[in-house]
Structures are given as C-alpha cells and as structure tokens.
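A structural walkthrough
In case you want the letters, here they are:
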Amino acid sequence: MVKRKTALKIRKAHRYLGIFLGIQFLMWTISGMYFSWTDIDEIHGDHFKKEIPEQTAFSDLVGSSQLNIQEPIKSLELLEIANTPYYWINETALYDARTGTEKDELTAQEAIEVAERYMLADLEFDHIKRIESVDDHHEYRGRPLPAYEISYKTDENLKAYVAIENGAFQTVRHRD
C-alpha cells in the first residue's frame, strides 16, 4: 500500500509527464504534417538550381602516367572548376588535367564560378565566406570542410556551398 503523500507525488509527476509527452507528440505531428505537405525538392532548394548543369567536353588531357603521384591510383574523377578540367585522385589530391600540376585549393573566385554552373542564372551574388568548422546545428554539418559559403541577394537567405579541397558543389540551403 502506498502512503497518501507518495500517491499525491506520483499523480503530480504523472500529470506533468503527460503534459510534457503530449506537447512533444503534438510537435512531432505538426512537423510531420509540414514535411508531408511540403514538396521535398522545395525544402532541399532544388528550385534554385539548374535542372541539368552544362556538361563541358575537354580534350588534350594528360594521362595518369604523366602525373607526379607517389602512391597507386585507387580512384580518379574528372571535375570541372572554372572551365578547367581537374583530376580528383584517391579523394585526396587535385591535379590540373591539362598540365599535370597539383592544385593546392580552390580560390574564392573559382568557387563562385562553380556555384554559377549549378545555380539559376538570375540569382544575384551577394558575398562569399570561407568556413573552417561548423557546429552540430549548422546547416552544412557532415560535409567536407573547409568550404566556401556563397550567399545570394534573396529574401530566402539562399546559400550555396562548395568544397575547397576538390571544388565540388555540395549543397544549397535556404530559410525554409
């Protein structure tokens, strides 16, 4: 048998726990309905990106044997940075595909040109910022750092992200 004082404390704790869980379930329901009714492509910001970025064809590229690489090639990807072809080798090094010289890192101007290739032409550039680290709540978390955050003049607080290491377009984020 539970004493009266203990029973009152249990009832009070049960009441507050019920209120807390009820509010939490209500928030889950509202956020679930929002994401169910909202187009996922709009949430991702796909309506700010070009349908299919222009694919550039390159010629006169050097072969992998002409590159000054010490370790064997496990992966090789051809990337375009500011209308120049680059080899992204072993996911660690970037080489100019025409000259064979290693590229240190992406410049801010090159990052803007990479973003222009993927973003809609009518968007107006505002400013660019280099980010070295992000916290667990940043919109760019879990992606390669350092990176350039390219902001556009829009009401949606539109930002595009380009990795500095290999010049790859990463993602688009906006207010929604």
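Structure's up top.
Overview of the structure. Counting from 1, residues in each chain are numbered in the order their sequence is written. Selection of residues for local features in this predicted model requires a pLDDT of at least 70, selection of side-chain atom pairs for listing and counting requires 80 or more, and totals for whole chains, interfaces and linings are taken over all residues. Side-chain numbers come from the whole structure's heavy atoms, not from hydrogens or water.

Here the focus is a positive patch on the surface. The grouping of Arg4, Arg11, Lys12 and Arg15 at the surface amounts to a positive patch. Helical segments are the DSSP runs of H or I of at least four residues, strand segments are the runs of E of at least two, and each set is numbered from the N terminus. Its place among the elements puts Lys12 in helix 1 (residues 4-37). Under the relative-accessibility criterion, Lys12 is labelled partly exposed at 47%. The patches reported here contain residues having more than 30% relative accessible area and no salt bridge. Joining distances are 9 Å for like charges and 5 Å for nonpolar side chains (Val, Leu, Ile, Met, Phe, Trp, Tyr). Calculation of accessible area relied on Shrake-Rupley with a 1.4 Å probe; when residues are assessed, cover is drawn exclusively from the protein chains displayed. Salt-bridge detection follows one rule: a side-chain nitrogen of Lys or Arg within 4 Å of a carboxyl oxygen of Asp or Glu. Working convention for charge: Lys and Arg count positive, Asp and Glu count negative, and His plus the chain ends are omitted. Every charge is mapped to an atom, namely NZ of Lys, CZ of Arg, CG of Asp or CD of Glu. Buried means the residue's accessible area, taken with a 1.4 Å probe over protein chains only, is under 20% of the maximum for its type, while exposed means over 50%, and partly exposed covers the values in between.

This next bit is on the side chain of Glu149. Checked against the element boundaries, Glu149 lands in strand 6 (residues 147-152). Residue classification places Glu149 among the buried positions, given a relative accessible area of 4%. A polar contact of 2.9 Å, which involves the side chain of Glu149, links it to the side chain of Tyr161. Ignoring anything within four residues of it in the chain, the contact list for Glu149 reads His127, Ile128, Lys129, His138, Glu139, Lys159, Ala160 and Tyr161. We define a polar contact as two N or O atoms separated by no more than 3.5 Å, with the added condition that, inside protein, one atom must be a possible hydrogen donor and the other a possible acceptor, whereas residues neighbouring each other in sequence contribute only through side-chain atom pairs. Any two residues whose heavy atoms approach within 4.5 Å are treated as being in contact.

Let us look at the nonpolar core. One broad trend across soluble globular proteins is that nonpolar side chains are buried collectively. Side-chain atoms within 4.5 Å are what join buried Ala, Val, Leu, Ile, Met, Phe, Trp, Tyr and Cys residues into a set we call a nonpolar core. Ranked by internal contacts, the top residues of the largest apolar core, which has 21 residues, are Leu106, Met119, Tyr152, Leu158, Val162 and Phe169. Going through the elements one at a time, strand 1 (76-81), strand 2 (84-89), helix 3 (108-118), strand 6, strand 7 (159-163) and strand 8 (169-173) are the ones with two or more residues in this core. Every residue in contact with Leu158, bar those within four places of it in the chain, is listed here: Phe48, Met119, Leu123, Ile150, Ser151, Tyr152, Val172, Arg173 and His174.

Together, Tyr16, Ile19, Ile23, Leu26, Met27, Ile30, Met33 and Trp37 give the surface a local cluster of nonpolar side chains, amounting to about 910 Å² of exposed area. Locating Trp37 in the fold gives a position in helix 1.

All right, on to the pattern of salt bridges then. Throughout the structure, instances matching the rule amount to six salt bridges. The partner of Glu124 in a salt bridge is Lys153, with the nearest N and O atoms 3.3 Å apart. Remark: Lys153 occurs in the loop between strand 6 and strand 7 and Glu124 occurs in the loop between helix 3 and strand 5 (125-131); sequence separation between them is 29 residues. Taking relative accessible area as the criterion, Lys153 reaches 48% and is therefore assigned partly exposed.

Strand order in the open sheet formed by four strands is 5-6-7-8, with antiparallel pairing between adjacent strands. Both edges of this open sheet fall to strand 5 and strand 8, since each of them pairs with a single strand only. Adjacent strand axes in the sheet meet at a mean angle of 20° when their direction is disregarded. As paired elements, strand 7 and strand 8 share four bridges and run antiparallel to each other. Its bridge partner being in strand 8, Val162 is matched across the sheet by Phe169. One requirement defines pairing of two strands: DSSP has to find at least two bridges between them. Comment: axis = line fitted to C-alpha atoms, over the contacting stretch for helices; angle = value between 0 and 180 degrees taken between N-to-C directions.

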